[in-house]
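Geometric and topological summary
Below, each chain spelled out in residue letters.
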Amino acid sequence: MNTTPRQLVTRFAPSPTGRLHKGHAYSALLAYRRAQEAGGRFLLRIEDIDTVRCRNEFVGGIFEDLTWLGLDWEEPVRRQSEHFGDYQNALDRLKAMGLVYPCFCTRKDISREIDASESAPHGPDGPIYPGICRGRDDASTLLAEGTPHAWRLDLAKALAHIGEPLVWQDELKGEVTATPDELGDVVLARKDTPTSYHLSVVVDDALQGITHIIRGEDLFHATHIHIVLQKLLGYPTPVYHHHGLLLDERGERFAKRNKSVTLESLRESGVDPADLLAALGL
Ligand code: GLU
């Protein structure tokens, strides 16, 4: 029997839609230190599937800011925009299992349906998709006509296929039972991009052998659906650690649009990274 423990692998996976701020520094450092302390590996991944919002200059900014913080990472850095084929393969597997369906809805169609219904359940990501395109008779005709469409997970079918409760180990919360109903039939491939955050993050964490996912608790709700996708695709479920979010003086979350707290502006104003880390309790 092989008793060698698996080497711990963590990652920091920013989207290059703006400059990094203190909150990113905190998250990246937690993941980096965790790997170092365990003699493990730390990976950096650029989550740039949204080719409209993501910009190359921000990728350079990420390297610059993390280097300033004293981090290093393995090369080559995985950039999601170079791996659409991997996400397509995963989607094709789910299609072959009959667990996804094309969705032709516009935002307007969805809000009209929600407004018209008596009860419109809301989840942490907003109103849950009301299932307009689930089981649509004309789906193959619309597909053949080239009608723009997304692909959604048929969550009820997926859960029936799995047939058992799903749990994950969360280092701060303990054993968590997944309640993916709060997110419903999530989009796995968008109309404008052949994948989605949920699909690509799950595929990449598996392909890169990530054992410990350390990220902010703003993504806690997404984990419920990630566990489902891992199970469907036969991937292992990593250990999770959803850390609390840093708040500014007004008690609000740091945002990329708030220029005053970007790592770039701190560096330019002469802040010593060691002082910043100490102020973050790191
Ligand atoms: N790319 C995501 C973000 O910048 C984080 C993904 C993750 O850690 O799972 O918010």
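Within any chain, residue numbers begin from 1 and follow the written order of that chain's sequence. The predicted nature of this model means local features are confined to residues of pLDDT at least 70 and side-chain atom pairs, given and counted, to a pLDDT of 80 or more, with totals for whole chains, interfaces and linings taken over all residues. To get the side-chain values, all heavy atoms of the structure are used, and hydrogens and water are removed first.

1. Some remarks on the nonpolar core
Side-chain atoms within 4.5 Å link the members of a nonpolar core, which is a set of buried Ala, Val, Leu, Ile, Met, Phe, Trp, Tyr and Cys residues. Think of it in three bands: with a 1.4 Å probe and only protein chains considered, a residue is buried below 20% of the maximum accessible area for its type, exposed above 50%, and partly exposed in between. Counting residues in each nonpolar core, the largest one holds 37 residues, and the members touching the most others are Leu94, Leu153, Leu188, Leu199, Val228 and Leu232. Helix and strand definitions here come from DSSP, where helices need a minimum of 4 consecutive H or I residues and strands a minimum of 2 consecutive E residues; each element is numbered from the N-terminal end. Counting residues per element, this core draws most heavily on helix α8 (residues 220-233), at seven residues. Note on definitions: a residue-residue contact is assigned when non-hydrogen atoms from the two residues lie within 4.5 Å. In contact with leucine 153, not counting residues within four places along its chain, are Leu99, Val100, Tyr101, Ala158, Asp185, Val186, Leu188, Ile225, Val228, Leu229 and Leu232. By size, the runner-up hydrophobic cluster in this structure holds 27 residues, among which are Ala25, Ile46, Trp73 and Leu277.

2. Topic: the sheet that holds strand β10 (residues 187-189)
Strands are treated as partners if at least two bridges between them are detected by DSSP. Spatially, three strands are ordered β4-β7-β10 in an open sheet, and the strand pairing comes out antiparallel. Edge positions in the open sheet fall to β4 (100-103) and β10, since each of these has one partner strand only. Going from strand to strand, the sheet's axes swing by 45° on average, the running direction of each strand aside. One ladder, built from two bridges, connects strand β7 (residues 150-153) with β10; its direction is antiparallel. Residue pairing across strands places tryptophan 151 opposite alanine 189, the latter belonging to β10. Interaxial angles span 0 to 180 degrees and are taken between N-to-C directions of axes, which are lines fitted to C-alpha atoms, for helices over the stretch in contact.

3. Notes on the environment of histidine 149
Here histidine 149 shows up in the loop between α5 (139-144) and β7. On the accessibility criterion, histidine 149 (23% relative accessible area) is partly exposed. Each C-alpha atom of the pair histidine 149 and proline 102 lies 6.0 Å from the other, and the pair is 47 residues apart in sequence. Leaving out residues up to four positions away in the same chain, histidine 149 has contacts with Pro102, Cys103, Phe104, Leu143, Arg190 and Lys191.

4. Some words on the sheet that holds strand β1 (residues 9-12)
Strands sit in the order β1-β2-β3 across an open sheet of three strands; the sheet is parallel. Across the chains shown, the open sheet's two edge strands, defined by having one partner strand only, are β1 and β3 (78-79). Sheet analysis places β1 next to strand β2 (residues 41-46), joined by four bridges and oriented parallel. Each residue of the ladder has a partner; that of valine 9, found in β2, is arginine 41.

5. Observations concerning the site of the ligand
Nearness here has a simple test: a residue counts as near a molecule or strand if at least one of its heavy atoms is within 4 Å of that partner. By nearness alone, every residue bordering the ligand is listed as Arg11, Ala13, Pro14, Ser15, Glu47, Tyr197, Val201, Arg215 and Leu219. Take arginine 215: an N or O atom from its side chain is 2.7 Å from an oxygen atom of the ligand. Expressed as a share of its isolated accessible area of 300 Å², the protein-covered part of the ligand is 78%. In terms of residue class, the shell around the ligand is made up of five nonpolar, one polar and three charged. Polar contacts, as used here, are pairs of N or O atoms within 3.5 Å; protein pairs need one atom able to donate a hydrogen and one able to accept it. Residues neighboring in sequence count only if both atoms are side-chain atoms. Reported accessibility uses the Shrake-Rupley method at a 1.4 Å probe radius. Residues are deemed covered only where the shown protein chains occlude them. Only Asp, Glu, Lys and Arg are considered charged in this grouping, and only Ala, Val, Leu, Ile, Met, Phe, Trp, Tyr, Cys and Pro are considered nonpolar; every other residue, Gly among them, is considered polar.

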